[in-house]
Amino acid sequence: MSDPAPSPRSLAEALRVRDDASLAVLLRSRPDLITPVPTDLTQLATRAGTRASVVRALERLDRFALQTAEALAVASDPAPYAELLRLTAGDEGDPAVAGALPRAVALLREQALVWGDDERLRLVRTARELLTPSPQHPSPTGLGPTVREASSGMSPGRVQEIVAAAGLPSTHDAVSAVTALTGLFADRRRMSGLLAGAPAESLEVLSRLVWGPPYGQVTADPAAHLRWLLDRGLLLPTSPGTVVLPREVALHLRGGRAHRATEPLPPAVEAAATHPARVVDATAAGQAHNALATVEELLKDWDEGGPAVLRAGGLSVRDLKRTAVALDVAEPVAAFWVELALAAGLLASDGEADERFAATPAYDEWLEQAPHLRWARLARAWLTATRTAGLVGGRDAKDRTLSALGPGLDRSAAPEVRHRVLALLAGLPQGGAADPASVLARLGWERPLRGPQKGEDLRGQLAGWTLEEAERLGVTGRGALSAHGRALLGLPEPRGHDRAGREPAGPGDKLPVHHHPVPAAAPLTAPEQATAAAAAARLLAPLLPEPLDHVLLQADLTAVAPGPLRRPLADMLGVLADVESKGGATVYRFTPGSVRRALDSGQAASDLHAFLAAHSRTPVPQPLAYLIDDVARKHGHLRVGAASAYVRCDDDAMLNEILADKRAAGLRLRRLAPTVLAAQADPAALLEGLRAMGFAPAAESAEGDVLITRALAHRTPPRTAPEPVPDGPPVPDGTLLSAAIRAIRAGDLASTAPRKQPALSGGELPRTSAAETLATMQAAVLTGEAVWIGYVNAEGSASQRVIAPIRVEGGFVTAYDHTADEVRTYPLHRVTGVAELADE
């Protein structure tokens, strides 16, 4: 029988015995370790123990894995697995903890936070420093220092007094006395006997300190029940007036548990209600259609240039209110839509001197796409964006208001939380709408250090906003994940998916707790995101309403669109009429101003009559025909040009009427000829002023031709959507992982290869003369053996390498470099020396 493998003496040794698959898991879960690629496993271990990297790794642990690490921090170092089990499960044991602990330890080992075999488990030093209890940084366990730590500053005589009062024999030195006292407190039977004689008031004091914080205040002359505890070391002084409950005493009182409540299993996500799958999909499709209409209405309203950009960036509170009124939504909802348009690349600032927000050229391309493709672009942008609309109206670290479209809204955790919330919904039975409280509880268990303990429950806020925004966007319907929502995550449609579904539960019904596995929130790569969005669009397409090519004209100068209209019809009707109300059916109203707007855009009265006759399922009402003819008859009767501006009209009586009107005083008109008036105002102001007085003037060119004023949309220069702010280094792909692991292995081989000559101190490079270097290289070419060299590159950086020389000529050596895992050529004059490797 072979001897068992020796326990590793360091984290580097523990990493050295891992296989490539295990190293790949480590580098994928902690991508900061691979940037840049470590030269060898020793450097990888050093980097894995740095404070920033360990903090990031601890933040990504679930609650039980973190509790396991906290228990290891208060255990002996190293700790056997049995001791860790007692700290997590207690003296009486807990089957759930015993079943979950191997997974937690394996996870900590996988992430290089714990190393060593089960008999010598070690928490990496930085993690132990972060999690070990101290007065400045209390542990979540509520435990205090050990007896040895708390009594380190105590006089030997006082230690002997405590030992005697506790009923222990005196010792020759303070170290053995502390050891004896520690043994007493850790012995359950003897400790129970000691506490059996304690006054009731003393036990009450211990009960207040047992679960933390373990520190208390005492006076210079403590009461008798406190003196009883102090005399026996059950409370130890840490500073004048302050005492602490030793860790061993607290663990006895707790029954061996490091935590008051150990949570080995994640809380289940509960379904508050369930709905038929077809109802969920239809509801989500209706919300998706409304989302498209809302974004289109928002950007159409900003077609000629939207609100001004604040000096600090973003949208003013007043403009956000106006946008909310125009969209008929609350201000937080309006902030969501403008942020979504920005994330999708449909909206940006124009960059002009008088900077304003406007649609981008990509918006015009988006409008030409099919509705399901337009929705897919919005949904994909929402899922991956780090800008968080829910923060609008809050305050930043400098107590400044966070504005929509402004800086300070990026939260790098947002994409992961959105993906995870939707994945939890996907784990429910078909049509199940999650109880929001259970979703928040689950997220709090999965990432406890990113919750209230850090001062801000950001993940909880993001989860709540995700549930609202997913419903608003049509990813969910009635709180349940839709079929196209599942596809957006890259998840397959569940087996037996029945669009007919089951009967919905009652309004207050709760389904049984859901225990089966939940898909992991693994982020998708960009190509995977594109594929998933295309699949979601295909599932959504048949659920969206078909655009109509007709309206219903009514005698009260309105038109009713019973559904979404096709693009040319909707565009033309938007010019010819004003939207009066929206909903399942849109109502348009024709007014003199709207008809004049259509005439200004280049349409003739005959064109408008033909358009309405072609697209109305009802006859064109006579009042509407009269309105068009009446406005067209007056349109262009007055002409406005540049003088600064002038008005000419063949009817001098009309000019007399204008001059007599008090409302024309601001235009500062004067008669130049019987049929011409001059104005100090510019042509645009003159046009608006005359229209406000009830006239219908037309602009004309310098040649006297009528100018057709088309409503040209204002667009920004080409803009790209805001890039998401990454949550740390990106997760490496398989190709990068393979190359990095090969390089680390090669570098480790070079750094640990045995040399024939004695080891050099302080990382000194091998030194040989030029003749010796050349001779050794030529011999290695003939024998095919690898050698160890010292090399200084052009920047002066020194390194050690293991190479297998292939050819030596012209002052260069061409060799296979085991350190870099590739063939390279090195100038011989930069090689400081060469040494042969040991035979083994």
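Computed from a prediction, not measured in an experiment: that's the story for all the values here. Throughout, residues of each chain are indexed from 1 in the direction in which the sequence is written. In keeping with the predicted nature of the model, local features appear solely for residues at pLDDT of at least 70, side-chain atom pairs appear and are counted solely at 80 or more, and the whole-chain, interface and lining totals rest on all residues. Note that the side-chain values use all heavy atoms of the structure and ignore hydrogens as well as water.

This paragraph deals with the sheet that holds strand β4 (residues 236–239). Through backbone hydrogen bonds, the strands of a sheet pair up, either in parallel or in antiparallel fashion. What the 3 strands build is an open sheet, ordered β3-β5-β4; its pairing is antiparallel. With partners counted over all chains shown, the strands left at the sheet margins are β3 (215–217) and β4, one partner each. With direction set aside, neighbouring strand axes in the sheet form an average angle of 40°. We call two strands paired when DSSP finds no fewer than two bridges between them. Secondary structure elements follow DSSP: runs of H or I of four or more residues count as helices, runs of E of two or more count as strands, with numbering from the N terminus. With 3 bridges connecting them, β3 and strand β5 (residues 242–244) associate as antiparallel partners. Considered in β5, the bridge of Gly 216 is made with Val 243. Orientation is described by axes fitted as lines to C-alpha atoms, over the contacting stretch for helices, and by angles from 0 to 180 degrees between their N-to-C directions.

Moving on, we get to the packing of helix α20 (residues 371–384) against helix α23 (residues 458–473). Helix-helix packing is described using two parameters, namely the angle between the two axes and the distance between the axes. In contact at an axis separation of 11 Å, α20 and α23 are set at 175° when each is read in the N-to-C sense. It follows that α20 is roughly antiparallel to α23 by the angle criterion. Contacts between α20 and α23 involve Trp 375, Leu 378, Ala 379 and Trp 382 on the former and, on the latter, Thr 466, Glu 469, Ala 470 and Leu 473. Should an angle lie under 35 degrees it is considered roughly parallel, over 145 roughly antiparallel, and from 65 to 115 roughly perpendicular; all remaining angles are considered oblique. A contact between two residues is defined here by any heavy atoms of the two lying within 4.5 Å.

On to the environment of Ala 291. Take Ala 291: it is sitting in helix α16 (residues 277–301). A sequence separation of 182 residues divides Ala 291 from Leu 473, and the C-alpha atoms of the two residues are 5.7 Å apart. Apart from the residues lying within four places of it in its own chain, the contact partners of Ala 291 are Trp 337, Arg 472 and Leu 473.

Right, let's get into the packing of helix α6 (residues 81–89) against helix α7 (residues 95–110). The interhelical angle for the contact between α6 and α7, taken along N-to-C directions, is 125°, at an axis separation of 10 Å. Classified by the angle their axes make, α6 and α7 are oblique. Pair α6 / α7 crosses with right-handed handedness. Every residue of α7 that contacts α6 at Tyr 81, Leu 84, Leu 85, Thr 88 and Ala 89 is listed here: Val 97, Ala 98, Leu 101, Pro 102 and Val 105. Classifying every residue of the contact of α6 with α7 by side-chain character gives 9 nonpolar, 1 polar and no charged. Helix crossings get a hand from a simple test, with the near helix turned counterclockwise from the far one by less than a right angle marking a left-handed crossing and a clockwise turn marking a right-handed one. Under the grouping applied here, Gly and all other residues not named as nonpolar or charged are polar, the nonpolar ones being Ala, Val, Leu, Ile, Met, Phe, Trp, Tyr, Cys and Pro and the charged ones Asp, Glu, Lys and Arg.

As a further point, take the nonpolar core. The criterion is simple. A nonpolar core is a set of buried Ala, Val, Leu, Ile, Met, Phe, Trp, Tyr and Cys residues joined through side-chain atoms within 4.5 Å. Buried residues are those whose accessible area, probed at 1.4 Å on protein chains only, stays under 20% of the maximum for their type, while exposed residues exceed 50% and partly exposed ones sit between those limits. In this structure, Phe 185, Leu 234 and Leu 235 are the most contacted members of the largest nonpolar core, which totals 89 residues. Residues in contact with Phe 185, not counting those within four places in the same chain, are Val 147, Met 191, Leu 194, Arg 232, Gly 233, Leu 234, Glu 248, Val 249 and His 252. Of all hydrophobic cores here, the second largest spans 76 residues; its members include Val 333, Trp 366, Ala 414 and Leu 544.

So, about the pairing of β4. Here 3 bridges tie β4 to β5, and the two strands are oriented antiparallel to one another. Bridge pairing links Ser 239 to Thr 242 in β5. With antiparallel pairing between neighbouring strands as the criterion, β4 and β5 make up a hairpin whose turn holds 2 residues, including Gly 241 at a positive phi of roughly 85°.

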